[in-house]
Structures are given as C-alpha cells and as structure tokens.
2 protein chains.
Amino acid sequence: MSNYKKLVLAQRPQDGKIGAHLFAQKEQPIPTPGDGEILIKQTYMSLDPAMLGWMSDDRESYIPPVEIGEVMRSSGVGEVVESNHPDFKVGDKVMGMTGWQEYLISDGQGFNKLQAGVSEEMALCVFALPGLTATTGLYNFGKPKEGETLVVTGAAGSVGSIVGQLAKADGLHVVGVVGSDAKADWIVNELGFDGAINYKKDDLAAKLEELTPDKVDVFFENTGGPIQQHIFNRMNAHGRIVVCGMIADYQAEKPSPGPNWIPLIKKRIAIRGFAMPDHWDEIPKILEKLTPYVQQGKIKYRAHTVTGLENAVTGLNMLFEGKNTGKMLLKL
Amino acid sequence: MSNYKKLVLAQRPQDGKIGAHLFAQKEQPIPTPGDGEILIKQTYMSLDPAMLGWMSDDRESYIPPVEIGEVMRSSGVGEVVESNHPDFKVGDKVMGMTGWQEYLISDGQGFNKLQAGVSEEMALCVFALPGLTATTGLYNFGKPKEGETLVVTGAAGSVGSIVGQLAKADGLHVVGVVGSDAKADWIVNELGFDGAINYKKDDLAAKLEELTPDKVDVFFENTGGPIQQHIFNRMNAHGRIVVCGMIADYQAEKPSPGPNWIPLIKKRIAIRGFAMPDHWDEIPKILEKLTPYVQQGKIKYRAHTVTGLENAVTGLNMLFEGKNTGKMLLKL
C-alpha cells in the first residue's frame, strides 16, 4: 500500500505572512474507506485569499480557524477511487471541502458530483466559491438594476470577474479595478467590461470620473486599498456597497482607516459585508440563478494553475502579491 | 395691520460655523390668506442638527439646500388664526414645515392637526422628526430583537432618547452614550436605560465592555466621534449599524476617518445610512408603530426651550456644543 502526502497547519501566521514554515508535511498510508465511505483522490485544489483568515486564531470570524495539527482547509475536486457508498461509484468526479491532501476519506456529506460537461477547472472557477460568492453578493446585496453603474475591485480575480460579467449581462455599465495593464486588457477586451482602472498607475480620481459619467450605484469591494475612498466618494444616492474581500489589508500590520460615515446619511447608502458560509443553504437557489448565464456563454473564466502540494504556499502568496492571472488552482 | 418677523438665509456657513451673520431679519406686514389658504401663527419651532446641512450648498444631500434669500427651513407648530380652507378652522393647532418666521400662509398641504391630548411640545419632541426618525431607523434598519443589545450615541438627544426607550420597551439591553453625567443620570434613572457612557470622561473601551457583556447587536449612530470605533469593534456577527447622524463631524474641517471594513466581512455586518425625506410616504405606518408606545407611557421626552426668533442661532449652536438638555425648541 502506498503513501500519500498532506499538509497540516503547524503554526499560525505572524504579521500576516504566509510561508512554508507554517505547515508540516505528513506522509501516511492511503486509507481504506469503511462502510458508507468513499476514497477520493484529489485532482484540483482551490487556493483562496480567505485561507489566511482560516489559519489565524480569530474566533470572531465566520468559520472556526483551522486547528494546529489539522489538515489545512480548502475546497477541491477529486475522483472517487474506491466506494462503499451507494450514491458514488468509482470514477465519479466530486467537488467539496477536500483539504491540502492528495487523498481523503469521506462519507459523501458535502460532496457533489460534477455535472456533465463541467470540467474540473470550470467547477472550481465558476460553480465553487467564486461563482457562489459573486452571485450571492451581487444579487442578495448589490441589487443591480439595468442601466446602473457597477464598479468592482479585484476585477480580474475569481470573484470580481464573475461579478462584472453578470452585471454586464444584466445591462449595467461596468468598470473594473485591476493591478496591471494585462488584467485591464483582459476584463475589457475578453470579458466585455466597459472600462478598467489600473490602481497601480492610473490617476484614480480622474480615471474613475471619466469611466463613470453617471457615478456609481453598486460598489462590489474585493480588495480595499486607496481606491476604496475614491469609489465611495462617487456613490450615488441609494447606492449599495457589497464588502466581499479586503485583500489589500489582510496582511497589514494596522488596517487602513475606512471612509467617514457622513455620506452614508446624505446618500442613504447601504453597506453589507458577507461571507458564503451564511448562505450554504441557499446554494441550490444560487446555482439556479448562475447556471443560465454560464450556459449562455456569458461567463468566461481563466485558471492560474500551479502543480503539486509543495507549491500550495507559493500559489497562495501569488494571490496576495496580485501575481496570479485567473483563479488560483493547484493541480495534484 | 401689524408686521411679523422672519429670518432668511443671507450667506452659507464657512468651515461649519453657524452665526447670526448668516441670516437677515426681514419685517413685513402679516399677509392675508387667499382662497383655500390659512394663516398660521407659529408658536413652537424645532431646531435640528440637520439644519447645518440644509444651509450648505450640498447638491448631493437628501433634500435641496435652502436658497440664499429664502426663509430658513424648519418644522414647527402653530395656530390657525385665519382660515379660508374648509378643513381648518381658527384655533386649530397644526404641525408642518413652518420655517423661521412668526407667521406663514399655507394651502394646508403638509400640515397636520395635533391629535387631542398632544401638546405642542409633545408634537415636536415625539411625533415630529425625532420620533419618526427614531422609529424608522430602529425598525426599518436596526431590526431589534428581544434579548439583543443596542448601543445608541447621542442617547440623551431627541432621536437617541426615543430609540433607547423603544428598544427597552421591546426587551433589549440598552446602553446610551452621552456627553455629561447629568445626561447619563437622566437616561438611566428617568428613561430606564441599562447603562450610560459619558464619552467625555469614561474609559470608552473599558466602560463599553463592562456595560455590554453580550457585545452589541444594534448600533444606532447619532454622533460619530472616537466612540464609534469602539462600538464598531464590539459588534456581534450579523450586527446592524444604523447611521442617522454624525454631529461630531458636521463642523469638522476634515471629517475623521471611519473604521476599516474587514470586520464587516468577518461579522457579516450591515450598515445603513438613512434620512427621513425618503420615508415621508411611510409616515402613517410609522405613527401606527410609534403611537402605542407613547400611549402606554413608555416614551418620556424633555424639551429644551429658548424664546424668540432672535435666539434661533444660539439655540442651534447649543446642539453642536452638546449644551442642550432635551429636544431643542424655540418658543415664539
């Protein structure tokens, strides 16, 4: 019987830095599924900014932290290689919370089979956290209306790119904020956004004004950073701000201050922070909303894939450095 | 025929300062109502922090500014002294947007007669902007639930005192933030709040922790200031923040920064700014909600009254200096 590898959390990050020293690699024999269980060989694993929070000892967060010694948490796709479960057969491709490991045993709870025609990459780039998060945030809280203007930060990212494409499909004027000209080019020329701001080189206020002649009705926030105040300043009355991510601040020693609240009164603005675990029970409804857009070819995606469990940390850090081009995946 | 006085806006405030030089006093003959009109002799006028905004040339605000040369805007109560209107008779007491003037002509639109048993003071302290604002903010956006904890700033103020009493009546644990020991004493010993923080002398973080053992579910913000960040830090998951006023910042040259948005995600918090003009059409429903609390004696109020139109500016400045004890009224 051969061995498999997994990475367990060995210590918690200090000052927001993620390094290989935080994890311990374990090797152990591939286990045998018991009655009602399946053995999954993971093929693709998702790397997400939220992982930094999951590693941290923050009992106030929306899900409990990963414990020291526990396999690092992640979602992923795998193939059923042994099954003692009536609903799964060998060869089934399944998606669920897999963890940073090559093999795992599951009783099937929380694992869903991939639909016909859905590749492993599409499953993780669209029908997993990115698409669920984009759809929930946009429709539950952003409440987009045809003809309105939406600005999304992290617009070339896994969530932002879907938010913008959904809003475009719904007839909004959509502007994305990105960190490179290549990303700007991709969201405008490939995804069909109406405009892009490169926060690293553009004059933020001037460019935003130019690209949002009717100001901003929906602000979908994935990053934080100085652009936040500029978009906030440009909100229309009755605007909606959806706070989904603040990746620019997750590693900051001291998070940067936010906007003063006076404009919230003057413009009667709603701000809503959210996280997907509150919405697990809505997933069937969310997928019902999202799937037609995908079927009509309105949602393009791209994956940025690194290979091998030993590159998980490298891949994760690429997210925080903005070096990924597309949804960060790890191929096993 | 005798004359009456009115104050018109002569210039807009600079650096948030309100002074007598901003207004010009006009004297003119008391007008005669035409067909379908009434002549109202104003008896009590309301002074509100929002007036600073109304004087300023801020086209983005929720209602247009008062124009230069126009009578300063305010709500008030008066007596009908002449009537050519079938629905009003001489002696009726009416409430509506009266302006800074001793007499006015109206076609009755927007004026409501005071209910039997409702004094002029009660009308302006409870059934006018303060009570409507408190009820709308608390129930539309605060969504209080029995057993939860609510913290309200400006707790001895016209809106805050009603918010806290409504929440107490609904079975919440209620803490108020005030600017003097006398106000702290009033909200705890007269209004029945569970605790008070004097932001001018208490150790804010320590006192807040002591008074909110179960942390904070609803934060009703009337003031801004350093206490904001402390209350924000203490929000529970799924907390609601209602932003109604930021009086500490209205006169600031540069408004102070707000909290970073990361906790909005971690705790899935909703923040909502609002202003009453969006809710005029809901007033019957709002009064239906508020009135039973008043009838059951659950809403105490106190007015702080100055006398004579020439003291309007003094009275208004008392609000910004926190020197008023109760809803600021001007008796004519």
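Residues numbered from 1 in each chain as written. Chains lettered and ligands numbered in written order. Predicted model: local features only at pLDDT ≥ 70, side-chain atom pairs only at ≥ 80, totals over all residues. Heavy atoms only, no water.

1. Focus on the interface of chain A and chain B
Interface size, as often reported, equals the accessible area lost upon joining of the parts.
Here is step 1: At the junction of the two partners, chain A supplies 38 residues and chain B supplies 38 residues.
Here is step 2: Across the interface of chain A and chain B, roughly 3200 Å² is buried in total on both sides, 60% from carbon and sulfur atoms.
Here is step 3: Three residues, Trp261, Ile265 and Arg268 of chain A, lead the burial of chain A against chain B; their summed loss comes to 25% of the area buried on that side.
Here is step 4: On inspection of chain A and its partner chain B, the count reaches 2 salt bridges.
Here is step 5: Among the salt bridges present, the one from Asp278 of chain B reaches Arg268 of chain A, with a minimum N-O distance of 2.8 Å.
Here is step 6: Taken together, the connections running from chain A to chain B amount to 10 residue pairs in polar contact (both at pLDDT 80 or more).
Here is step 7: Listed by contribution, the elements that provide at least two residues to the side of chain A that touches chain B are β11 (216-221), α7 (227-233), β12 (235-243), α8 (247-250), α9 (262-266) and β13 (270-273) of chain A.
Here is step 8: Here the side of chain A that touches chain B is composed, by residue class, of 20 nonpolar, 8 polar and 10 charged. (Contact = heavy atoms within 4.5 Å. Buried area = accessible area lost by both parts, 1.4 Å probe. Salt bridge = Lys/Arg side-chain N within 4 Å of Asp/Glu carboxyl O. Polar contact = N/O pair within 3.5 Å; in protein donor to acceptor, adjacent residues only side chain to side chain. Helix = DSSP H or I, 4+ residues; strand = E, 2+ residues; numbered from the N terminus. Nonpolar A, V, L, I, M, F, W, Y, C, P; charged D, E, K, R; others polar.)

2. Examining the environment of Tyr301 of chain A
Here is step 1: Within the fold, Tyr301 of chain A resides in the loop between α10 (283-295) and β14 (303-307).
Here is step 2: Judged by its relative accessible area of 28%, Tyr301 of chain A is partly exposed. (Buried < 20%, exposed > 50% of the residue type's maximum accessible area, 1.4 Å probe, protein only.)

3. Considerations on the pattern of salt bridges
Side chains that differ in sign of charge can pair as their charged atoms come close.
Here is step 1: On inspection of all chains with the given rule, the structure shows 20 salt bridges over all chains.
Here is step 2: Between Lys145 of chain A and Glu148 of chain A there is a salt bridge, and its shortest N-O distance comes to 3.7 Å.
Here is step 3: For Lys145 of chain A, a relative accessible area of 47% puts it in the partly exposed group.
Here is step 4: Residue Asp181 of chain B pairs with Lys201 of chain B through a salt bridge whose shortest N-O separation is 2.7 Å. Highlighted residues: Asp181 of chain B in helix α5 (residues 181-190) and Lys201 of chain B in the loop between β10 (195-198) and α6 (204-211), separated in sequence by 20 residues.
Here is step 5: Residue Asp181 of chain B is classed as partly exposed on the basis of its relative accessible area, which comes to 43%.
Here is step 6: A relative accessible area of 56% means that Lys201 of chain B is categorised as exposed.
Here is step 7: One connected set of salt bridges, linked through shared partners, spans Lys89, Asp92 and Lys113 of chain A.

4. Some points on the UniProt feature "domain: Enoyl reductase (ER)" (unreviewed entry) in chain A
Here is step 1: According to UniProt, the "domain: Enoyl reductase (ER)" (unreviewed entry) feature falls on residues 19-330 of chain A.
Here is step 2: Within residues 19-330 of chain A, the helical portion is 31% and the strand portion 25%, while the C-alpha atoms at the span's ends are 16 Å from each other. (UniProt positions renumbered as here; feature names shortened; annotations may be inferred.)

5. Overview of the side chain of Arg12 of chain B
Residue and element names in this part refer to chain B.
Here is step 1: Inspection of the secondary structure assignment puts Arg12 in the loop between β1 (3-9) and β2 (23-29).
Here is step 2: Engagement of the side chain of Arg12 in a polar contact is seen with the backbone oxygen of Val66, the distance being 3.0 Å.
Here is step 3: Once residues lying within four places of it in the same chain are set aside, the contact partners of Arg12 are Leu22, Trp54, Met55, Ser56, Asp57, Arg59, Pro65, Val66, Glu67 and Ile68.

6. Here we look at the pairing of strand β11 (residues 216-221) of chain B
All names here are of chain B.
Here is step 1: Judged by how many residues are buried, β11 sits mostly within the fold: 6 of 6 residues are covered.
Here is step 2: Across 3 bridges, strand β8 (residues 149-153) lies against β11 in parallel orientation. Bridging from a neighbouring strand, Val151 pairs with Phe219 of β11.
Here is step 3: Sheet topology note: the β11/strand β12 (residues 235-243) ladder contains 5 bridges and is parallel. Along β12, the bridge assignment pairs Val216 with Met235.
Here is step 4: After leaving β11, the chain enters helix α7 (residues 227-233) and then returns to the sheet as β12, a path that is right-handed. (Pairing = 2+ DSSP bridges. Right-handed = clockwise from strand over helix to strand, strands pointing away.)

7. Things to note about the sheet that holds strand β10 (residues 195-198) of chain A
Here is step 1: The strand order across the open sheet formed by 12 strands is β10(A)-β9(A)-β8(A)-β11(A)-β12(A)-β13(A)-β13(B)-β12(B)-β11(B)-β8(B)-β9(B)-β10(B), and the pairing between neighbours is mixed. Each of the sheet's edge strands pairs with one partner strand only, and the pair in question is β10 of chain A together with β10 of chain B. Averaged over all pairs of adjacent strands, the angle between strand axes in this sheet comes to 15°, irrespective of strand direction.
Here is step 2: Note that β8 of chain B and strand β9 (residues 173-178) of chain B share 5 bridges and pair parallel. Bridging from a neighbouring strand, Val151 of chain B pairs with Val175 of chain B of β9 of chain B.
Here is step 3: This element, helix α5 (residues 181-190) of chain A, spans β9 (173-178) and β10 of chain A of the sheet and lies at about 165° to β10 of chain A.
Here is step 4: Across the sheet, helix α6 (residues 204-211) of chain A lies against β8 (149-153), β9 and β10 of chain A, angled at about 175° from β10 of chain A, the strand it touches most. (Axes fitted to C-alpha atoms, helices over the stretch in contact; angles between N-to-C directions.)

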